[in-house]
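# Chain and residue survey
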Amino acid sequence: IEKLEQLYEGKAKKVYKTTDPDIVWIEYKDSATAFNGLKKEEIPNKGILNNRITALFFQYLEERAIPTHFVELLNDREMLVKALEILPVEVVVRNRAAGSLGKRIGQEEGTLLPKPILEFYYKDDGLGDPMINEYHIDAMGWATKEQMIQVKEIALQVNSLLIDLMEQVNIDLVDFKLEFGLHKGQVLLGDEISPDNCRFWDQETKERLDKDRFRHDLGGIEEAYQEILRRLESKLLT
Ligand code: C5P
């Protein structure tokens, strides 16, 4: 398989065509953005760390029957994934109140939720990814009802599997964002799973090991992402 022309450049990744029409080549960049692109910086090695962390999470999920786009880790910054028609719906799964949810429901940061909460956002940078519900998704044709049944089931299964995995490395999975796409008509988990789109808290120290360090200028971003990779490797690469 060979890398062909660039198809798309996003905020954190570049996507290239390959000689296989069913597979695309992903390159992880070091750019970090927050607040809908208002805050922007280069974080040395972030692309390498997120590429490796995402590959470990996707391998773990694939081994547990979650249908994902992941094909193969190529090198430090690159991986192969199945080509997807991305559904324009971002799915946020939450186990504790944090970030925008804390404000919305008036709960202190860290409050354990009685059960996981799923939220949907319309993936549109121009609109700032507004929150939507399943009626918007159905009416606008962003996904079918059948696809949304799959999306919700996979999202909740991923949550259970990741809570369990992170628990074993002393990390609280506070919340995370997933994206889904269609490949030959099948709903697959796409995008990435990394400290860029998850909140990971150290269970003992409550230290933030994720992008909140960047959002709130806490420093030590690269070190935090490195710590997530180190703990995952210690658990998964045996
Ligand atoms: O900001 P908020 O509390 O709504 O974010 C919930 C979770 O979704 C966080 O883990 C955050 O990193 C992730 N997220 C994301 N991309 C967005 C919005 C939120 O990865 N556009």
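Only a predicted model underlies this, so the values are computations on that prediction, with no experimental measurement involved.

## A short note on the overall build of the chain
From N to C terminus, the chain includes six helices and 13 strands. What you see for the chain is a C-alpha radius of gyration of 17 Å, in line with the 18 Å of a compact globule of 238 residues. Once the C-alpha set of the chain is aligned to its principal axes, its extents read approximately 50 × 40 × 35 Å. Counting every position in the chain, which comprises 238 residues, the buried fraction comes to 34%.

## As for the nonpolar core
Formed by 54 residues in total, the largest nonpolar core has its most connected members in V91, V151, L173, L178 and F200. Take this core: its biggest share by element is eight residues, from helix α4 (residues 145-167). When residues of this core are assigned to domains, at least three map to each of domain 1 (3-82) and domain 2 (85-220).

## A look at helix α1 (residues 46-63)
Counted at 1.5 Å a residue, the expected span for α1 with its 18 residues is 26 Å, and the 26 Å between its end C-alpha atoms agrees. When α1 is considered as a whole, its buried residues turn out to be K46, G47, L49, N50, N51, R52, I53, T54, L56, F57, F58 and L61. Looking at the packing, one finds that the buried side of α1 touches β3 (23-28), β4 (31-34), β6 (70-73), β7 (78-82), α4 and α6 (221-236). Within two residues after α1, A65 carries a phi angle of roughly 75°, on the positive side.

## Some thoughts on the sheet that holds β3
The strand order β1-β2-β3-β7-β6 describes an open sheet built from five strands, whose pairing is antiparallel. Looking at which strands have only one partner, the edges of the open sheet turn out to be β1 (3-9) and β6. Within this sheet the neighbouring strands show an average axis-to-axis angle of 30°, counted without direction. The sheet contact formed by β6 and β7 spans three bridges and is antiparallel.

## A look at the UniProt feature "domain: SAICAR synthetase/ADE2 N-terminal" (unreviewed entry) in the chain
UniProt's entry tags residues 6-231 with the feature "domain: SAICAR synthetase/ADE2 N-terminal" (unreviewed entry), counted in the numbering of this structure. Helix makes up 31% of residues 6-231 and strand makes up 35%, while its end C-alpha atoms are separated by 33 Å.

## Side note on the site of the ligand
In the vicinity of the ligand there are 14 residues, among which G99, S100, K177, N197 and R199 approach most closely. Residue assignment for the shell around the ligand shows that the elements contributing at least two residues are β8 (85-96), α2 (99-105), β11 (171-183) and β13 (198-202). Across the shell around the ligand, the residue classes tally to five nonpolar, three polar and six charged.

The rules behind these values
- Residues numbered from 1 in each chain as written.
- Predicted model: local features only at pLDDT ≥ 70, side-chain atom pairs only at ≥ 80, totals over all residues.
- Helix = DSSP H or I, 4+ residues; strand = E, 2+ residues; numbered from the N terminus.
- Rg over C-alpha atoms; globule rule 2.2 N^0.38 Å.
- Buried ≥ 20, exposed ≤ 12 C-beta atoms within 10 Å, placed from the backbone.
- Core = buried A, V, L, I, M, F, W, Y, C linked by C-beta atoms within 7 Å.
- Domains from an automatic or database assignment.
- Expected span 1.5 Å × (residues − 1).
- Contact = placed C-beta atoms within 7 Å.
- Pairing = 2+ DSSP bridges.
- Axes fitted to C-alpha atoms, helices over the stretch in contact; angles between N-to-C directions.
- UniProt positions renumbered as here; feature names shortened; annotations may be inferred.
- Near = placed C-beta within 6 Å.
- Nonpolar A, V, L, I, M, F, W, Y, C, P; charged D, E, K, R; others polar.

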